[in-house]
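Structural characterization, general
If you want the building blocks of each chain, they are given just below.
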Amino acid sequence: MRKLPGLSAMKVFEVVGQTRSFTRAAERLNLTQSAVSKQIKSLEDDIREPLIIRRHHRLELTPAGAALLETVQQAFHDIETSLRGIADKQNRNRLRINVPATFARRWLMPRLADLRRTLPDIDLSIGTEAADSLAERGLLDCAIRFGDGEWPTLDASLLISEEHIAVAAPGLVDGRPLATPADLAQFTFLHVLAAPDQRYLTWRHWLDAAGFPELDTSHGLEFDVLDLAIEAARAGLGVTIADRSMVAADLAAGTLRQLFDIAVDGHESYWLVTRPRAVVSPPLAAFRTWLFAQAGRAG
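Residues numbered from 1 in each chain as written. Predicted model: local features only at pLDDT ≥ 70, side-chain atom pairs only at ≥ 80, totals over all residues. Heavy atoms only, no water.

The next point concerns the UniProt feature "domain: HTH lysR-type" (unreviewed entry) in the protein. Look at the UniProt record and you will see "domain: HTH lysR-type" (unreviewed entry) annotated at residues 5-62. Helix makes up 62% of residues 5-62 and strand 10%, and the two end C-alpha atoms of the span are 18 Å apart. (UniProt positions renumbered as here; feature names shortened; annotations may be inferred. Helix = DSSP H or I, 4+ residues; strand = E, 2+ residues; numbered from the N terminus.)

Here it is as structure tokens:
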């Protein structure tokens, strides 16, 4: 028999390690703070090693605690994965996919009604967590990734190529002079961040193509996802550069207007990615065919 501490103590330790607080852990677990503290003390006694350093305002993990937390989190993930796999055998038509948040809201969601009509037997589980992956033992069946198509451990098929255009709410630009792109300087520029301290260069590329590379776009608002920049433009807060496929519905509805007849091919695209050499289930094959038909491409 394996001599291991109880699973309940392990779960309490995981939550304490995540929150670094007995109080917040107790709230999450619906326990008293005293009960949480006793579970941790019992676990430390069992393994004869301190796991947590109790500071005045915050808890810190010892090296042993950090190592155990990583192991416990992976173990609980593996258990959850196994249990879901067993449960999913009851629904072989469920597909688990992961997609970028902007793509999910602006491209996939408006098409889900058609998916239900076309493939009524397929059930989707849609996630947008950027860290989710197609690891060998992961739950995902496929994913949509934004990038250059270079993922050495995955098979990638081009789905949508970006085409960047300048857009704004009609109410913002009506009655304002817009003879050339230089006139955009009167508005607030809306930017999308590639990293916390780095913007995507979509404005610079668009202005280069427009023939106005010297226009100063250093000011303005920044957002970590394109969807927020588009929403800000819809709200009349400024002008942004957006992928045409992500604002197609807004352009058709008149809630956004393209400014100037200038479109620039993006340097990155949306790709369908799958595990290499994986057996393609009939539901996944049908979903892939539908997906590429919606994108106007041969899958």
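What follows picks up the thread again.
Moving on, we get to the nonpolar core. Proteins that are soluble and globular tend to have nonpolar side chains buried together. In terms of nonpolar packing, the biggest core is built from 36 residues, with Phe103, Leu108, Ile144, Phe287 and Leu291 touching the most fellow members. Discounting residues that sit within four places of it in the chain, Phe103 has contacts with Leu108, Ile144, Leu159, Ile160, Met246 and Tyr270. (Core = buried A, V, L, I, M, F, W, Y, C linked by side-chain atoms within 4.5 Å. Buried < 20%, exposed > 50% of the residue type's maximum accessible area, 1.4 Å probe, protein only. Contact = heavy atoms within 4.5 Å.)

So, on to the pairing of strand β7 (residues 189-195). The element β7 is largely enclosed, with a buried count of five among its seven residues. Taken together, the two bridges between β7 and strand β10 (residues 239-243) define a ladder with parallel strand orientation. Residue pairing in the sheet places Leu190 in a bridge with Thr240 of β10. Pairing geometry for β7 and strand β9 (residues 221-223), over three bridges, is parallel. Of the residues in β9, the one forming a bridge with Val192 is Phe223. In this sheet, strand β8 (residues 198-199) lies alongside β7 in antiparallel orientation, the contact comprising two bridges. Paired with Leu193 across the two strands is Arg199, which belongs to β8. Here β7 folds back onto β8, and the loop between the two strands holds two residues. (Pairing = 2+ DSSP bridges.)

For any pair of aromatic rings, the description rests on two quantities: the centre-to-centre distance and the angle between the ring planes. On inspection of all chains with the given rule, the structure shows eight aromatic pairs. Aromatic pair Phe103 and Trp107: ring centres 4.9 Å apart, planes at 25°, arrangement stacked. Taken together, the residues Phe103 and Trp107, both in helix α5 (residues 101-108) and four residues apart, mark about one turn of the helix. The pair formed by Phe103 and Trp107 is uniform in burial state, with each residue classed as buried. Taking the centre distance of 5.0 Å and the plane angle of 50° together, the rings of Phe146 and Tyr270 count as tilted. (Phe/Tyr/Trp six-rings, centres within 6.5 Å; stacked < 30°, edge-to-face > 60°.)

A separate point is the pairing of β10. Each regular strand shows side chains that alternate between the opposite faces of the sheet. For β10, the tally of buried residues reaches five of five residues, placing the bulk of the element in the interior. Burial of β10 is two-sided: the residues Val239, Ile241 and Asp243 facing one way and the residues Thr240 and Ala242 facing the other way are all buried. One ladder, built from four bridges, connects strand β6 (residues 155-168) with β10; its direction is antiparallel. Bridge assignment links Val167 to a residue of β10, and that residue is Thr240.

On to the pattern of salt bridges. Any two side chains of opposite charge can pair if their charged atoms end up close together. One pass over the structure, following the stated rule, counts 15 salt bridges. Across the salt bridge formed by Glu231 and Arg106, the nearest N and O atoms sit 2.4 Å from each other. Taken together, the positions of Glu231 in helix α9 (residues 226-234) and Arg106 in helix α5 put the pair 125 residues apart, joining distant regions of the chain. Each of the salt bridges in this network shares a partner with another, and the network as a whole consists of Arg105, Arg106, Asp227, Glu231, Arg234 and Asp250. (Salt bridge = Lys/Arg side-chain N within 4 Å of Asp/Glu carboxyl O.)

Even without being a glycine, Arg20 presents a positive backbone phi close to 55°. The phi dihedral of Arg48 falls on the positive side, at around 55°, and the residue is not glycine. Within the secondary structure, Arg48 sits in the loop between α3 (33-47) and β1 (52-54).

Their axes nearest at 8 Å, the elements helix α1 (residues 7-19) and helix α2 (residues 22-29) cross at an angle of 130°. Our classification of the angle between α1 and α2 gives oblique. The two elements α1 and α2 cross, and the hand of that crossing is right-handed. Note on element contacts: α2 touches α1 through Phe22, Arg24, Ala25, Arg28 and Leu29, opposite Lys11, Val12, Val15, Val16, Gln18 and Thr19. When the residues that make up the contact of α1 with α2 are grouped by side-chain class, the tally is six nonpolar, two polar and three charged. (Axes fitted to C-alpha atoms, helices over the stretch in contact; angles between N-to-C directions. Parallel < 35°, antiparallel > 145°, perpendicular 65-115°, else oblique. Left-handed = near helix turned anticlockwise from the far one by under 90°. Nonpolar A, V, L, I, M, F, W, Y, C, P; charged D, E, K, R; others polar.)

The next thing to look at is the packing of α5 against α9. Between two packed helices, what matters for the description is the angle formed by their axes and the separation of those axes. At a minimum axis separation of 8 Å, α5 and α9 run at an interaxial angle of 55°. The pairing of α5 with α9 is recorded here as oblique in orientation. The residues of α9 that touch α5, namely those facing Thr102, Arg105 and Arg106, are Leu226, Asp227, Ile230, Glu231 and Arg234. Considered class by class, the residues forming the contact of α5 with α9 number two nonpolar, one polar and five charged.

When you line up the elements, Thr202 lands in helix α8 (residues 202-210). Excluding anything up to four places from it in sequence, Thr202 contacts His164 and Ile241.

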